[in-house]
Amino acid sequence: MSESNSTLFYAGITLASGLITDFLINRLNKKQIEDDPKPIRSLQLRKRSFVNSKQAPVPEALLNSENPLLDEIKFLNSATCDIERVNHLSLGLDDEFPNIKSPLLGEGNLRSVFGGGGFLPDDAFIYCGSYVINTAVFGPGKRIDQTKKWLRAGPRKSLFFDPKTVKAAIVTCGGLCPGLNVVIRELFMSLHYNYGVQDIYGIKYGYKGFYTYDWIKFDANYVKNIHNLGGTILGSSRGGFDLNKIVEAIVNHGINQVFCLGGDGTHGGVLELFKELRKRKLKISIVGIPKTIDNDIAIIDESFGFETAVEEAINAIKSAYVEANCAEFGVGLVRLMGRNAGFIAMSACNASRDANVCLIPEFKFELYGDRGLLEYCYQRLKKKGTLVLVIAEGAGDAMLDYKVNVLETDASGNKKPQDVGVIVKDELTKYCKNKGMGITLKHIDPTYMIRTVPANPHDKIMCTQLAQNAVHGAMAGFSGFTVGHVNNRLAYIPIEELLSGKYSNRVVADSREWQRLLASTGQPSFLNNEEQMIQQKQQQN
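Note that the coordinates shown come from a computational prediction; the quantities given were computed from them, not determined experimentally.

Visitor: Can you lay out the side chain of Ser190 for me, pointing to particular residues and giving the numbers?
Guide: Summarising the element assignment, Ser190 is placed in helix α5 (residues 180–194). With near-sequence residues (within four places) excluded, Ser190 lies in contact with Tyr195, Gln468 and Val471.

Here it is, written out as structure tokens:
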């Protein structure tokens, strides 16, 4: 029996079992009524729960609320609420608050078996007072009452938007990243199949596509297989943000939900759009979905595409290892992505176990001197005969004794410096030659091979979760937020807070991951005056 036929067979068995059970209960109730007016069980299917749910039961008062979303919005804006407030389209507007039942609410066995619209029991929805805490580990000086509380993401039982009136637009901005097409597809699938939205458009080539190119009208056939492709079917670009032109295009097309995939720069654009839309008192929800292959967006646990990037980076390190071990005084040098944060380099080294040195932007080092990088590499080659270096692209900014020139600035304002891989390659070759050692160095830069591959299973699941919960938030009327995992739970984060500068996501010296790397490579700090620098830092503190 094929997999699809097997699935239908078991679904049929489940459906038949449910129908037979209901039939028998009805018969028993009918017979019981003749002898005793009290039935043996009520057939109220509306208040269903997951059979094996491990969640605490939802209080009856919340389950029976006439408008759970209105209750939640009132609580979020009350003086007693300590959950980080997410902007809602009802605030500042005089219109009556809508009370639209979510089409995801299940009311029968047929839908609970086959899915589609109307498949969730009551306690699967998010109710008033649900939140995700910012910190998972507590100890001396850290108490649970001091941590941030983010609004929990997920479907709401009542909606702000009537799905029949929704017109949505999707745009991808910035650089390529594994998983973009998965997010695009799942945004469409969730809007169309779960909520019944008919008008969903794709915007080509980033923000400028709103006012430059014809919009793409999506249908199921257009997006059904794109999750297996790398890149983005919409194309992407940096820059092109023109606030007034974008807002006018959104209004002229009758759009009331906008989903923007991108990093910090894109989210800055989302924030400006949100402020302008609120200023004009327009009921348009605008949502960010965080995307950065470097994994350096603040607050959230991880960005989609990062795990795929690490997986591909390991292949590059494997190649460098082979090259280094197949030559006399062989050196394999891998230059990986990581402009401001070295997560890809660190994680790939921890997973591969083949790197001897890992350099990332967070930790200063020196090239020259008796305790510098070049001397360490020379001594290792002299003793072991091989060397594998992994360098994040932003590590050039961490070099204390070499000035890295900025060659240009891209459309997003990002500086493009000299390639640190080329610098280390040239300096190490020259240094060893001056000491009478001829090295064979292979420089591998897999950047464009990594960012263009399809997402791996881990990232596909994450992309699906982010897209679905972005849709849930927009349908509930929240706006000016991004969605991400915090402590492995999905949360809505106000973009003002995300970009406030109060948070950062960088590798820190006392993190378990970095300590594991040091234990694996055995590398020193590559600082000639390390003790003096430590003393100065202690005095400053």
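Read on for the rest.
Visitor: So what's going on with the pairing of strand β6 (residues 199–203)? Residues and values would help.
Guide: With respect to burial, β6 is a largely interior element, four of its five residues being buried. Sheet topology places strand β5 (residues 167–172) next to β6; five bridges connect them, and they run parallel. Looking across to β6, one finds that Ile170 is bridged to Gly202. A crossover connection joins β5 to the parallel β6 through α5; in handedness this β-α-β unit is right-handed. Pairing analysis gives two bridges linking β6 to strand β7 (residues 216–217), with the strands arranged antiparallel. Considered in β7, the bridge of Gly202 is made with Ile216.

Visitor: Which residues make up the sheet that holds strand β9 (residues 285–290), and what are the values?
Guide: The mixed open sheet is built from nine strands, whose spatial order is β2-β3-β17-β16-β9-β8-β5-β6-β7. Only two strands of the sheet have a single neighbouring strand rather than two, namely β2 (131–133) and β7. Of the strand pairs in this sheet, β2 and strand β3 (residues 149–152) are connected by three bridges, and their pairing is antiparallel. Bridging from a neighbouring strand, Tyr131 pairs with Leu151 of β3. Against the sheet, helix α9 (residues 264–279) contacts β8 (257–262), β9 and β16 (481–486), and its axis sits at roughly 170° relative to β9. Contacting β8, β9, β16 and β17 (489–494), helix α15 (residues 457–475) crosses the sheet at an angle of about 135° to β16.

Visitor: Quick one: what's the story with helix α13 (residues 420–434), residue by residue and with numbers?
Guide: The first and last C-alpha atoms of α13 sit 21 Å apart over 15 residues, in line with the 21 Å expected at 1.5 Å per residue. For α13, every residue scored as buried is listed here: Val420, Gly421, Ile423, Val424, Glu427, Leu428, Tyr431 and Cys432. All buried residues of α13 fall inside an arc of 155° around its axis, so they share one side. Among the exposed residues of α13, those oriented more than 90 degrees off its buried face are Lys433 and Asn434.

Visitor: Describe in detail the environment of Pro163, supporting the description with residues and values.
Guide: Positionally, Pro163 belongs in the loop between β4 (158–159) and β5. Note on Pro163: relative accessible area 9%, which makes it buried. Here Pro163 is in contact with Ile100, Pro103, Tyr195, Gly196, Val197 and Met475, once residues within four sequence places are set aside.

Visitor: Pulling in residues and values, what's your account of the nonpolar core?
Guide: Counting 91 residues, the largest nonpolar core has Leu187 and Phe259 as its most contacted members. When residues in this core are grouped by element, the largest group, nine residues, is from helix α10 (residues 306–325). Excluding its chain neighbours within four sequence positions, the residues that come into contact with Leu187 are Ile170, Phe259, Leu261, Ile289, Ala467, Ala470 and Val471.

Visitor: Lay out the pattern of salt bridges in plain terms, naming residues and giving numbers.
Guide: In the structure shown here, the tally under the stated rule is 14 salt bridges. Put simply, Arg280 and Glu248 hold a salt bridge, and the shortest N to O gap is 2.8 Å. Of this pair, Arg280 sits in the loop between α9 and β9 while Glu248 sits in helix α8 (residues 243–252), placing them 32 residues apart in sequence. Judged by its relative accessible area of 35%, Glu248 is partly exposed.

Visitor: Residue-level account of the sheet that holds strand β15 (residues 440–444), with values.
Guide: Spatially, the four strands line up as an open sheet ordered β11-β12-β10-β15, and their pairing is parallel. Taken across any chain shown, the strands that pair with only one partner, and hence form the sheet edges, are β11 (357–359) and β15. Going from strand to strand, the sheet's axes swing by 15° on average, the running direction of each strand aside. When strand β10 (residues 330–336) meets strand β12 (residues 386–392), the two strands line up parallel, connected through seven bridges.

Visitor: Go over the packing of aromatic side chains with me, naming the residues and quoting the values.
Guide: Using the criterion set out here, one finds 12 aromatic pairs in the structure. With a centroid separation of 6.1 Å and an interplanar angle of 65°, the aromatic rings of Tyr201 and Trp215 are classed as edge-to-face. Placement of Tyr201 in strand β6 and of Trp215 in the loop between α6 (209–212) and β7 is noted, with a sequence separation of 14 residues between them. The exposure class of Trp215 is buried, given its relative accessible area of 14%. Note on Tyr207 and Phe241: the rings are 5.0 Å apart at their centroids and 75° apart in plane angle, and the pair reads as edge-to-face. Of the two residues, Tyr207 sits in the loop between β6 and α6 while Phe241 sits in the loop between α7 (220–223) and α8, which places them 34 residues apart along the sequence. You can call Phe241 partly exposed: its relative accessible area is 32%. A network of ring pairs unites the aromatic residues Phe97, Phe160 and Phe161 as a single cluster. Lying across the ring of Tyr378, Lys435 places its NZ or CZ 5.1 Å from the centre.

Quick notes on the rules
- Residues numbered from 1 in each chain as written.
- Predicted model: local features only at pLDDT ≥ 70, side-chain atom pairs only at ≥ 80, totals over all residues.
- Heavy atoms only, no water.
- Helix = DSSP H or I, 4+ residues; strand = E, 2+ residues; numbered from the N terminus.
- Contact = heavy atoms within 4.5 Å.
- Buried < 20%, exposed > 50% of the residue type's maximum accessible area, 1.4 Å probe, protein only.
- Pairing = 2+ DSSP bridges.
- Right-handed = clockwise from strand over helix to strand, strands pointing away.
- Axes fitted to C-alpha atoms, helices over the stretch in contact; angles between N-to-C directions.
- Expected span 1.5 Å × (residues − 1).
- Arc of directions from axis to C-beta.
- Core = buried A, V, L, I, M, F, W, Y, C linked by side-chain atoms within 4.5 Å.
- Salt bridge = Lys/Arg side-chain N within 4 Å of Asp/Glu carboxyl O.
- Phe/Tyr/Trp six-rings, centres within 6.5 Å; stacked < 30°, edge-to-face > 60°.
- Lys NZ or Arg CZ within 6 Å of the ring centre and 35° of its normal.

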